[in-house]
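# Results of the structural survey
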Amino acid sequence: MADFQHVYDTPPEGANADWTIPQNWEHFSADEHRMWDRLFARQSGMLPGRAADAFLRGLDVLKLSKPGIPDYRELNARLNAATGWEVVAVPGLVPDDVFFDHLANRRFPAGNFIRNPEQLDYLQEPDVFHDVFGHVPMLADPVFADYMVAYGKGGLRSLGFNALDHLARLYWYTVEFGLIEQSDGLRIYGAGIVSSYAESIFALEDPSPNRIAFDLLRVMRTEYRIDDFQQNYFVISGLNDLLQVTVETDFAPLYEKLETLPDIAIADILQTDRVLTHGTQKHAQEAGR
Ligand code: PHE
Ligand code: FE
């Protein structure tokens, strides 16, 4: 989930220079496949009517309902046919430049392990359920697929600026925790939400969080939390709009401007925001935030 932190600068032993490793699908145990099935059943049962149409289409096109942790040989044949993307296995979080380079080349790095039963609802490092169930369905959508490529290229370009934190916020509030306004109502598309039972309900239905119309500069100024449900969700009006505004905007002047603008505290609402829900922040208050 937090794809912007890593511990080592060189790939661990046995990994390739780009940090990929063989998925070695055969090494997953029956218990590990059962863990996937359990998580899959829970999420796929509650997501119709909550997840974006693009996400639900992706689940279908990729045949992710097949039992067990997906074998990438099979999954990639379908994903590649849809959008030219593929999933590659990595041992865990990878350095930013490596991550951006994979995205720019239509490769999505996925953690090659699955959580254990004590971590059903929360884990710090993204596992194969978060990475594949959460992220890959959206990559079967042609518009979102292009957004992720553009993001990777933008990330590589940003390395020449002092911009990583700002760019990471865009990822956080779209790819991980994004909401979308469909003609039939608000839906979730962020991988951090769709892979979490409790946050899928919270993000859409709870009166606590703010729900604010997406604004590129505003989002890049907004702090976020990694230890609990979000206090803000940003709502895009469509995947095309997200792709268009990010591709057509030259970020270089934005990065410069951002250096002079103060960050926006997590739950603050600005006069210029188009607010869909002014949250009560009850959840955060109860958690003592
Ligand atoms: N247009 C951005 C730039 O000029 C690149 C980008 C595209 C960043 C899409 C994020 C998402 O750097
Ligand atoms: Fe993630």
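Our structure is the block above this text.
Reference entry: report on the structure contained in this document. Only a predicted model underlies this, so the values are computations on that prediction, with no experimental measurement involved.

## Let's talk about the packing of helix α6 (residues 142-158) against helix α11 (residues 239-248)
- For the pair α6 and α11, interaxial distance at closest approach is 9 Å and the crossing angle is 25 degrees. By the angle between their axes, α6 is roughly parallel relative to α11. Helix-helix and strand crossings are classified by hand; for α6 and α11 the assignment is left-handed. On the side of α6, the interface is formed by V143, F144, D146, Y147 and A150, while α11 contributes L239, N240, L242, L243, T246 and V247.
- Its residues assigned to classes, the contact of α6 with α11 shows eight nonpolar, two polar and one charged.

## Considerations on the site of ligand 1
- If you check the shell around ligand 1, you find Y147, A150, Y151, G154, R157, L170, T246, V247, T249, D250 and F251 and nothing else.
- R157 places a polar side-chain atom, nitrogen or oxygen, 2.5 Å from an oxygen atom of ligand 1.
- Within the backbone of T249, an N or O atom sits 2.8 Å from a nitrogen atom of ligand 1.
- Across the complex, the protein chains shield 92% of the 330 Å² of accessible surface that ligand 1 would expose by itself.

## Overview of the coordination of the iron ion (ligand 2)
- Protein coordination of the iron ion (ligand 2) is provided by H130 (NE2), H135 (NE2) and E176 (OE), with donor distances spanning 2.0 to 2.2 Å.
- In primary sequence terms, the donor set of the iron ion (ligand 2) follows H-x4-H-x40-E. Here H135 is found in helix α5 (residues 128-139), whereas its partner E176 is found in helix α7 (residues 164-176), with 41 residues between them in sequence.
- Accessibility expressed as a relative area gives 3% for H135, which makes it buried.

How each quantity is defined
- Residues numbered from 1 in each chain as written.
- Chains lettered and ligands numbered in written order.
- Predicted model: local features only at pLDDT ≥ 70, side-chain atom pairs only at ≥ 80, totals over all residues.
- Heavy atoms only, no water.
- Axes fitted to C-alpha atoms, helices over the stretch in contact; angles between N-to-C directions.
- Helix = DSSP H or I, 4+ residues; strand = E, 2+ residues; numbered from the N terminus.
- Parallel < 35°, antiparallel > 145°, perpendicular 65-115°, else oblique.
- Left-handed = near helix turned anticlockwise from the far one by under 90°.
- Contact = heavy atoms within 4.5 Å.
- Nonpolar A, V, L, I, M, F, W, Y, C, P; charged D, E, K, R; others polar.
- Near = heavy atom within 4 Å.
- Polar contact = N/O pair within 3.5 Å; in protein donor to acceptor, adjacent residues only side chain to side chain.
- Areas by Shrake-Rupley, 256 points an atom, 1.4 Å probe, with all protein chains shown as cover.
- Donors = N, O, S within 2.8 Å, 3.2 Å for Na, K, Ca; no water.
- Buried < 20%, exposed > 50% of the residue type's maximum accessible area, 1.4 Å probe, protein only.

The analysis is restricted to geometry; functional conclusions fall outside its scope.
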